[in-house]
Amino acid sequence: MIKLRSFIKGCIIILILAISNYSIAEQVLRWSSAGDALTMDPHAQNETPTINMNRQIYETLVMRDVNLQMEPGLAEQWKAINDTEWEFSLRKGVKFHDGADFTAEDVKFSIKRAAAPSSDFKNYVATIDNITIVNDHTIRIKTKEPDPILPSYLTFVFMMDKGWSEKHNVAVPQNYGSSEETYAVRHTNGTGPFQLVERKPDLKTILKKNPTYWGGDIALDKVIHTPIKSAPTRIAALVSGELDFVLDPPIQDLQRLKKDDSLNVVSIPQIRTIFLGMDQGSKVLRSNPSLGKNPLSDIRVRKAMYMALDVTAIQQKIMRGLSVPAGMITAPGVKGYTKSLDERLPYDRKQAKSLLAEAGYPDGFTLRLDCPNNRYINDEDICQAVVSMLSRIGIKATLNAQPKSIFFKSVTNSESDFYLLGWGVATLDSEYVFRYLLHSRSKDIGTWNHANYSDPEVDQLIKDIQKELDMNKRDHMIAQVWEKVRDNITYLPLHHQVINWVVSSKFDIPIRASNEPLFKLVKVVR
Amino acid sequence: MLKFLLQRIVQGIVVMLVVAFVAFCIFRFLGDPVNNMVGDSATEEEKEQIRQQLGLDEPVAMQYLKFVSNIAQGEFGTSYRTRTSVIEQMKERLPATLELSFISGMLSILLGIPMGIYSALHPKSWLSKQFLVGSLMGISIPTFLTGLLLIYLFSVVLGWFPSQGRGGLVELGWWTTSLLTVKGWSYIILPALTLCIYQMTLITRMVRAEMIEVMRTDYIKFAKARGLPDRIVQYRHGLKNSLVPVITIIGLQLGSVVAFSIITETVFNWPGLGQMFIQSIEFVDIPVMSAYLIFVGAFFVILNLLVDIAYAFIDPRLRVH
């Protein structure tokens, strides 16, 4: 009898051990954000949530670490061998998830794929002229012109397996017009720390650890992403313990979440600056044609509007302290950012009024402010504050807040005189700001310059910056452009956004200013 | 009868074509999908190319005709947003919406009818007044708020039910069901409760009003005079006769449960068609939006047809016409 009892006891102990062992072995991170990746095809969508998800599975030649510094990825090292040629030495012994070797052929194939007309990254590889394979683990990339930021752009070009892509008929990204879904939309084969187990668009994506990852062991066995659109539901699921990590908590909930012992709130200034654009090139105001002229082309008016904005009030009242007032339209961490350029002109309503009077508008004027209402943090509230601040110096702005799909349509069709925009810097180099926001507008460059700012000197400087390989000279030119923009008051900077992540205290997820979590870096605390 | 049916079916098709056309006219005002489809680095020329590929540069009437002819060939296209086949996406989400609507419909019947009977038979009792006040609140509080309150109470504070999503699934061919496991029920109960409140209120009030009316009629008095037991008078004679209009309303309301589920699905992150529709509106995902509207249109048309047929069976006077 005693024997039987101790036998049962023994069994129970073994069972308990087995169960507890099992729960130690399986580390699952369940996380959520409002939106899902749009596709798993790594070249089809240049959009942050999509890149986020793909970056766990696919990898690039050059990568960025926690502090967004460049580090070797699938290329162990790279150097410029002359003005227009770069040599990349590839990492050896790397395998794709299906077991195929990663070689120079795959690199050549992937860059070509990213340059295809249906790729959304083609502008990132537009300077590449051709690629030569030196041997299995060395390639040379020749650019059409000297390109100092090529490695930076390559942090976005994911490497795919040539054999796998050709086998599944996905040698080019899916065409917009095609009526059939391609294999790469729901299937992946990367070299990264995680591999795709299950993909249900908008519902659930399950990743599991790549046991043979070249970068060493990974703490997480599984990562489950569930997109939850409604913010209160997302937070409720986190508080009730159904989630471990929320990427985009609403800022009004943060104070309360900070008090919860089982959760940690981490913050970092984001590489994204919110600012107002004013069309200074148009002859008359579209929203007030009866005025007969365009006051925004007068620098005194722009300066008056700048000085009328109390960004500290916006920071305190609307952003709940979670923003950094900005004097330039690029954030700390971007090449070319300096503290002194980020200083704002003083908030001075009196001077603003006298500037307006000097410019011939003592009683102000009327115009429309176009604003998105679902794109940036509290975007509509910011615009409302701007409207009331401008009204105090006599400028009567009417607010036109719309969903992003309508807002961006009217801005890109040049239907707006005055608009709110945010700009992130993918390459972490000022050139990315200049190229889109400051260069005179044309078909291929200056495509987001809806301020219609045009200065031949600045255009020339931008052309030179794009080619200059001497970094000192280049830095100097970048500073020159920023000074010109500041002196001309081309845009009205408001603030740099701040990212907040809420993480269960069970995990430690290093926060990155690009708002991209890297799950291979996650540590399990308890 | 056949003529009647054919007539109805032709009418239904016309209704759906009109629905689709109106939808296409509205899509124009939702914005430009292309800006959502490409990154910041895309040039105007590239965007124009995509517009051409998608046929967005053509006049609305032309786009509409193409859409209709594609549908006639069973071709619903691919989503602009997820690049996946629309029909696949709908197939994946249809079970979730139908199960939610079905459970919430059942709940509203199972709770609404007894509550209606009780408050009709005991109009002055304390409980009846609570039912009426409660149902008034059910109608007045917006669905999303009810949903959030339920989440807060049952998921965050009490921790009884999960706050979002759909789990405990069992696959039956292409249909996934959450009704065969306890876990599955724990996911469906809160959203179904939220969704049923409005219908339940409607049913309670209708049953109550109808039954009070019926209980005043002569044949009830006569039945009582015959000395029949209360139970038989109330249920066999009273309830039966008051249910006819209620059943019609329940049938028609089933359509609006599917439509109403948009908000409930968003609040509970319920992976149904309504949630899919909301996501596609924000992106101006025209293929998904049109497919959803066609689906809802067809659903209403079929429901109406069934109600009409049922009428014809119940009421012989309609058949004579």
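Details of the structure are given in the entry above.
Keep in mind it's a predicted model, so treat the numbers as computed, not measured.

Some points on the overall build of chain B
Link 1 in the chain: The number of helices and strands found in chain B is 13 helices and two strands.
Link 2 in the chain: Along the first, second and third principal axes, the C-alpha atoms of chain B reach 85 × 60 × 35 Å.
Link 3 in the chain: When the 321 residues of chain B are sorted by exposure, 36% land in the buried category.
Link 4 in the chain: Contacts spanning at least 24 positions in sequence make up 72% of the contacts within chain B whose residues lie at least 6 apart.

With respect to unusual backbone geometry
All names here are of chain A.
Link 1 in the chain: Residue Ser-414 is not a glycine yet carries a positive backbone phi of 55°.
Link 2 in the chain: Examined against the element boundaries, Ser-414 turns out to sit in the loop between α12 (404-412) and β16 (418-424).
Link 3 in the chain: Positive phi values are uncommon outside glycine, yet Leu-428 reaches one of about 60°.
Link 4 in the chain: Taking the number of C-beta atoms within 10 Å as the measure of exposure, Leu-428 has 25 and is therefore buried.

Remarks on the sheet that holds strand β4 (residues 75-82) of chain A
Residues and elements named next belong to chain A.
Link 1 in the chain: Overall, antiparallel pairing links the four strands, which are arranged β4-β5-β7-β6 in an open sheet. Only two strands of the sheet have a single neighbouring strand rather than two, namely β4 and β6 (128-135). Strand-to-strand twist in this sheet, taken as the mean axis angle between neighbours without regard to direction, amounts to 20°.
Link 2 in the chain: As paired elements, β4 and strand β5 (residues 85-90) share six bridges and run antiparallel to each other. Opposite Gln-77, over in β5, you have Ser-89 as the bridge partner.
Link 3 in the chain: In the packing of helix α3 (residues 104-114) onto the sheet, the strands contacted are β5, β6 and β7 (138-143), and the crossing angle to β6 comes to about 170°.

Some points on the environment of Glu105(A)
Link 1 in the chain: By the element assignment, Glu105(A) lies in helix α3.
Link 2 in the chain: Ignoring anything within four residues of it in the chain, the contact list for Glu105(A) reads Ile133(A) and Lys162(A).

With respect to the nonpolar core
Link 1 in the chain: Ranked by size, the top nonpolar core spans 116 residues in total, and within it Val157(A) and Phe245(A) carry the most contacts.
Link 2 in the chain: If one sorts the elements of this core by residue count, helix α8 (residues 182-215) of chain B sits on top with 16 residues.
Link 3 in the chain: Beyond its immediate stretch of four places on either side in the chain, Phe245(A) contacts Leu29(A), Trp31(A), Trp501(A), Val503(A), Ser504(A), Phe507(A) and Ile509(A).
Link 4 in the chain: Leu356(A), Leu390(A), Val425(A) and Leu437(A) belong to the second largest nonpolar core, which has 69 residues in total.

Things to note about helix α13 (residues 431-438) of chain A
Residue and element names in this part refer to chain A.
Link 1 in the chain: Counting buried positions along α13 gives seven out of eight residues, so the element sits mostly inside the fold.
Link 2 in the chain: Among all positions in α13, only Glu-431, Tyr-432, Val-433, Phe-434, Arg-435, Leu-437 and Leu-438 are buried.
Link 3 in the chain: Against β16, α14 (456-467) and α15 (471-488) lie the buried residues of α13.

Quick word on the environment of Ile318(A)
Residues and elements named next belong to chain A.
Link 1 in the chain: Tracing the backbone shows Ile-318 in helix α9 (residues 311-318).
Link 2 in the chain: The exposure class assigned to Ile-318 is partly exposed, which follows from the 19 C-beta atoms found within 10 Å.
Link 3 in the chain: It is 28 Å that separates the C-alpha atoms of Ile-318 and Asp-363, two residues lying 45 residues apart in sequence.
Link 4 in the chain: With near-sequence residues (within four places) excluded, Ile-318 lies in contact with Asn-378, Asp-381, Ile-382 and Ala-385.

Description of the packing of α9(A) against helix α11 (residues 379-391) of chain A
Residue and element names in this part refer to chain A.
Link 1 in the chain: It is at 11 Å that the axes of α9 and α11 come closest, and there the two elements cross at 140°. In terms of orientation, α9 lies oblique with respect to α11. By crossing handedness, the relation of α9 to α11 is classed as right-handed. Where α9 approaches α11, its residues Ala-313, Ile-314 and Ile-318 are matched on the opposing element by Asp-381, Ile-382 and Ala-385.
Link 2 in the chain: Among the residues making up the contact of α9 with α11, the classes are represented as five nonpolar, no polar and one charged.

About the criteria used
- Residues numbered from 1 in each chain as written.
- Chains lettered and ligands numbered in written order.
- Predicted model: local features only at pLDDT ≥ 70, side-chain atom pairs only at ≥ 80, totals over all residues.
- Helix = DSSP H or I, 4+ residues; strand = E, 2+ residues; numbered from the N terminus.
- Buried ≥ 20, exposed ≤ 12 C-beta atoms within 10 Å, placed from the backbone.
- Contact = placed C-beta atoms within 7 Å.
- Pairing = 2+ DSSP bridges.
- Axes fitted to C-alpha atoms, helices over the stretch in contact; angles between N-to-C directions.
- Core = buried A, V, L, I, M, F, W, Y, C linked by C-beta atoms within 7 Å.
- Parallel < 35°, antiparallel > 145°, perpendicular 65-115°, else oblique.
- Left-handed = near helix turned anticlockwise from the far one by under 90°.
- Nonpolar A, V, L, I, M, F, W, Y, C, P; charged D, E, K, R; others polar.

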